[in-house]
Amino acid sequence: MLVNYPFSAAQDNNWVHECIYAAISLIINNLNGAKAIPDWPDVLPREHRDKLTTRKKLKGLLADFENIAVQLTEQQRNKALLLIDSQNNIAGLLAGEIAPLAVEEELESIINCLKLVFIEGFRLLKETGSRDAHYKAIYDSLTVKTCPFCGYETFEAPGQKREDEDHYLLKDKYVTSAANLFNLVPMGGKCNKSYKLQQDLLFKDNIRRKALNPYGTLKAEISLINTAPITLLDDTPDWNITISPDIEETRTWNEVFSIEGRLKETVLSPNYEAVLREVSDFLLLLDLDQNSSNAQVLSGLVKFEQYKKRNPEQGLGYLKDKVVGMLKFHFESGNPLVLALVRDALPQIEAA
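Since the model is a prediction, treat every value here as computed from it, not as a measurement.

1. A short note on unusual backbone geometry
Cis geometry is found at the peptide bond from W40 to P41, where omega equals 5°. Mapped onto the fold, P41 is located in the loop between α2 (15-32) and α3 (49-52). The omega angle of the peptide bond from S244 to P245 is -5°, so this bond is cis rather than trans. With respect to the secondary-structure elements, P245 resides in the loop between β6 (242-244) and α10 (248-256). The phi dihedral of N206 is positive, around 65°, even though this residue is not glycine. The topology assignment puts N206 in the loop between β3 (203-204) and β4 (207-208). Looking at N206, the relative accessible area reads 75%, which means it is exposed. A positive phi angle, close to 65°, is found at D287, a residue other than glycine. Counting through the fold element by element, D287 comes out in the loop between α11 (259-285) and α12 (294-310).

Dropping the structure here:
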């Protein structure tokens, strides 16, 4: 992705998941230690207990979990807790630092129960307002209110129809992370419903892979300088998109969300002529004309690129600084076709 979400957006609003996890851990540890299990709602952490006291469905599901867990051995209960821990180490899973644990047949009954518990937790995220607070924190953090996964789908403001909050790791496979906000990421509808779909970010054809962490620090950068802006046979670019760093995480992102193809066909090609016109208008505002030197024109291109970087646009225009950077690179390199392309856009000033 092109922009990371703030870690605090998930951490500060993740109390529903944390309460459920704490209750499950308490039940398992007390059973293992032959201790009494507190009644509802005392099984919940004191800090947020009052917010969940009236949630009868969650109360019943945790009672079901206790009834199943008491029939298991201590070793089986510990295995179940280890599975929960591994599925909720989202950062470690995405970085390839830990391996997803398979659900053993002896644990199927308790894992099926846990799935219902955490799906109820996911439902409670909406009812308790946690998802709204989570989305607002993310929306407010974005300089450009655009989906960071593709860079051009616009985000609706909080209070409007919220963007899809996708389970980054599939909730049907990584069942105990269903209510964990570190596994919930707002993304544009096309990114979610047309491209990611039910793809498993951790595996392709049963081969383990790494993926970008939306709440981490690693993100992708895009460059177009390897694109030839114009050729003798065609006046439109044959876009060459370079994604850096070229590592497994960014390659997974590019593949899952079809980044290169979407940017070429949806963003770059349809908007290229408009960008050229905008470049021309900007150079005119600098009082440049065909009598201006190449150094003056190059300085104008540098200023326009910097302006677009400081003032990125929402939606389809967000790559304008990259397009101008491409033109600047080839202009500065002395590409005769690009020199002519840019200079021809400048007005001819006749001598007095």
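2. A look at the packing of aromatic side chains
A full pass over the atoms with the stated rule returns 10 aromatic pairs. With a centroid separation of 5.4 Å and 85° between ring planes, the pair formed by W239 and Y272 is classed as edge-to-face. Of this pair, W239 sits in the loop between β5 (221-223) and β6 while Y272 is found in helix α11, placing the two residues 33 residues apart along the sequence. Judged by its relative accessible area of 2%, Y272 is buried. Linked through ring pairs, Y5, F7, F182 and Y215 together constitute an aromatic cluster. If you follow K51 out to its NZ or CZ, it ends over the ring of W15, 4.6 Å from the centre. Looking at K145, its charged tip hangs above the ring of Y139, at a distance of 4.7 Å from the centre.

Criteria and thresholds
Residues numbered from 1 in each chain as written. Predicted model: local features only at pLDDT ≥ 70, side-chain atom pairs only at ≥ 80, totals over all residues. Heavy atoms only, no water. Helix = DSSP H or I, 4+ residues; strand = E, 2+ residues; numbered from the N terminus. Buried < 20%, exposed > 50% of the residue type's maximum accessible area, 1.4 Å probe, protein only. Phe/Tyr/Trp six-rings, centres within 6.5 Å; stacked < 30°, edge-to-face > 60°. Lys NZ or Arg CZ within 6 Å of the ring centre and 35° of its normal.

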